Amino acid sequence: MKHETLKQPRVGLFVTCLVDLFRPTVGFASVKLLEDAGCKVDVPMAQTCCGQPAYNSGDRDDTTAIAQKTIEIFEEFDYVVAPSGSCAGMLKKHYPALFKDGPWAERATAFSDKVHELVSFLVDVMGVADVKAAHQGSVTYHDSCSGLRELNIREQPRRLLASVSGLELKELKDSDVCCGFGGTFCVKYPDISNRIVEEKAANIEASGAGTLLAGDLGCLMNMAGKLQRQGKDVAVRHVAEVLAGMDDGPAIGRGER
């Protein structure tokens, strides 16, 4: 459904747990970007986790209960948008599979059709070609696994970043390789996870960029943690913060100065 068919599309913002608990700025930036694109944005207060941690751990009962509640909360909106490729992937790809051939199958499919990751929604649905933002400095971009492989998000963030005044994009070597987070993966396999993020951090430093961007807060927190432990002076931010011109506060993992 193209946005031209709706005078002012109603968007339900799925905030995500990590944004709510660790980086509310991403939520505010998402609202600004969506409103600037002509959307009416609501943030349902009753929303909870998308259920991905339980789903990946094999807990189908709790996942099903969470998914049903999420579908009920967001059914009234024209679109459901999340500033996270992994959460959007869970809502869009895994909810229909979770309810396949069951009584909730039709509702889950209809819900899935309305779900989009934030930057993909702005470019692919709302037709946003540029943003009125400025960032003086160089950035590099990490393509998070779920957004890239489940939702085909790669060119959309780069297209919008190209419109940011003063910004220089330095492509990251192996930008499409996992950062090592993987949700529960980093807990179950810490040694493997650490090795992966070490290689990612080396590539980030080699890019020469002053800021690392991505569209998934879990990945960003993982990479920011490694970079800080290594003493690297690279700011880490969610791409929405730069696109919305809301990147004047502390970077991820950095306190007020």
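What counts and what doesn't
Residues numbered from 1 in each chain as written. Predicted model: local features only at pLDDT ≥ 70, side-chain atom pairs only at ≥ 80, totals over all residues. Heavy atoms only, no water. Axes fitted to C-alpha atoms, helices over the stretch in contact; angles between N-to-C directions. Helix = DSSP H or I, 4+ residues; strand = E, 2+ residues; numbered from the N terminus. Parallel < 35°, antiparallel > 145°, perpendicular 65-115°, else oblique. Left-handed = near helix turned anticlockwise from the far one by under 90°. Contact = heavy atoms within 4.5 Å. Pairing = 2+ DSSP bridges. Core = buried A, V, L, I, M, F, W, Y, C linked by side-chain atoms within 4.5 Å. Buried < 20%, exposed > 50% of the residue type's maximum accessible area, 1.4 Å probe, protein only. Phe/Tyr/Trp six-rings, centres within 6.5 Å; stacked < 30°, edge-to-face > 60°. Lys NZ or Arg CZ within 6 Å of the ring centre and 35° of its normal. Right-handed = clockwise from strand over helix to strand, strands pointing away. Salt bridge = Lys/Arg side-chain N within 4 Å of Asp/Glu carboxyl O.

Draft legend 1. Seen up close, the packing of helix α5 (residues 85-98) against helix α6 (residues 105-113). Here α5 crosses α6 at 165°, and the two axes come no closer than 8 Å. The orientation of α5 relative to α6 falls into the category roughly antiparallel. As for the relative orientation of α5 and α6, their crossing is left-handed in sense. Here α5 contributes Leu-91, Lys-92, Tyr-95 and Pro-96 to the contact with α6, which in turn contributes Ala-108, Thr-109, Phe-111, Ser-112 and Asp-113.

Draft legend 2. View of the sheet that holds strand β5 (residues 134-141). Within the open sheet, the four strands sit side by side as β6-β5-β7-β8. Their pairing is parallel. Strands at the two margins of the open sheet, each flanked by one partner only, are β6 (165-169) and β8 (235-238). Direction aside, the axes of adjacent strands within the sheet are offset by 35° on average. Judged from the four bridges that link them, strand β7 (residues 211-214) and β8 form a sheet pairing that is parallel. Within β8, the residue paired with Leu-212 across the bridge is Val-236.

Draft legend 3. Layout of the nonpolar core. In terms of nonpolar packing, the biggest core is built from 52 residues, with Leu-33, Leu-34, Phe-121, Leu-122, Leu-161, Met-223 and Leu-243 touching the most fellow members. Each residue touching Phe-121, except ones within four places of it in the same chain, is listed here: Val-11, Leu-34, Cys-39, Tyr-79, Val-81, His-116 and Met-126.

Draft legend 4. Inspection of the packing of aromatic side chains at higher detail. Across all of its chains, the model carries six aromatic pairs by this definition. Look at Phe-74 and Phe-77: their rings are 6.0 Å apart centre to centre, the planes differ by 50°, and that puts the pair in the tilted class. Just as Phe-74 is buried, Phe-77 falls in that class too. Directly above the ring of Trp-104 sits Arg-107, whose terminal nitrogen or CZ lies 4.2 Å from the centroid.

Draft legend 5. Representation of the pairing of β8. Residues Ala-235 and Arg-237 line one face of β8 and the alternating positions Val-236 and His-238 line the opposite face, and both faces are buried. Running through helix α12 (residues 217-229), the crossover from β7 to the neighbouring parallel element β8 is right-handed.

Draft legend 6. Summary view of unusual backbone geometry. The residue Asn-152 is not glycine, and still its phi comes out positive at about 60°. By the element assignment, Asn-152 lies in the loop between α8 (145-151) and α9 (155-161). The phi dihedral of Asp-174 is positive, around 55°, even though this residue is not glycine. Residue placement: Asp-174 occurs in the loop between β6 and α10 (185-188).

Draft legend 7. Region of interest: the sheet that holds strand β1 (residues 10-13). Reading across the sheet, the four strands line up as β2-β1-β3-β4 and stay open at both edges, with parallel pairing between neighbours. The strands lining the two open edges of the sheet, one partner per strand, are β2 (40-42) and β4 (115-117). Within this sheet the neighbouring strands show an average axis-to-axis angle of 35°, counted without direction. With three bridges connecting them, β1 and strand β3 (residues 79-82) associate as parallel partners. Each residue of the ladder has a partner; that of Val-11, found in β3, is Tyr-79. Against the sheet, helix α2 (residues 24-36) contacts β1, β2 and β3, and its axis sits at roughly 170° relative to β1. Each of β1, β3 and β4 is contacted by helix α7 (residues 118-125), which is oriented at about 105° to β4, the strand it contacts most.

Draft legend 8. A look at the pairing of β3. Here β3 shows two buried faces, one formed by Tyr-79 and Val-81 and the other by Val-80 and Ala-82. Relative to β4, β3 runs parallel, the two being bridged by three bridges. Paired with Ala-82 across the two strands is Glu-117, which belongs to β4.

Draft legend 9. The pattern of salt bridges, seen in detail. If you walk through the whole model with that rule in mind, you get 13 salt bridges. Across the pair Arg-23 and Glu-241 runs a salt bridge whose closest N-O atoms are separated by 3.0 Å. Taken together, the residues Arg-23 in the loop between α1 (17-22) and α2 and Glu-241 in helix α13 (residues 239-243) connect sequence positions 218 residues apart. Ionic pairing is found between Asp-143 and Arg-158, a salt bridge with its closest N-O pair at 2.9 Å. Separated by 15 residues along the polypeptide, Asp-143 in the loop between β5 and α8 and Arg-158 in helix α9 bring together distant segments of the chain. Arg-158 carries the same exposure label as Asp-143, and that label is buried. One continuous salt-bridge network, built from bridges that share partners, spans Arg-10, Asp-42 and Glu-76.

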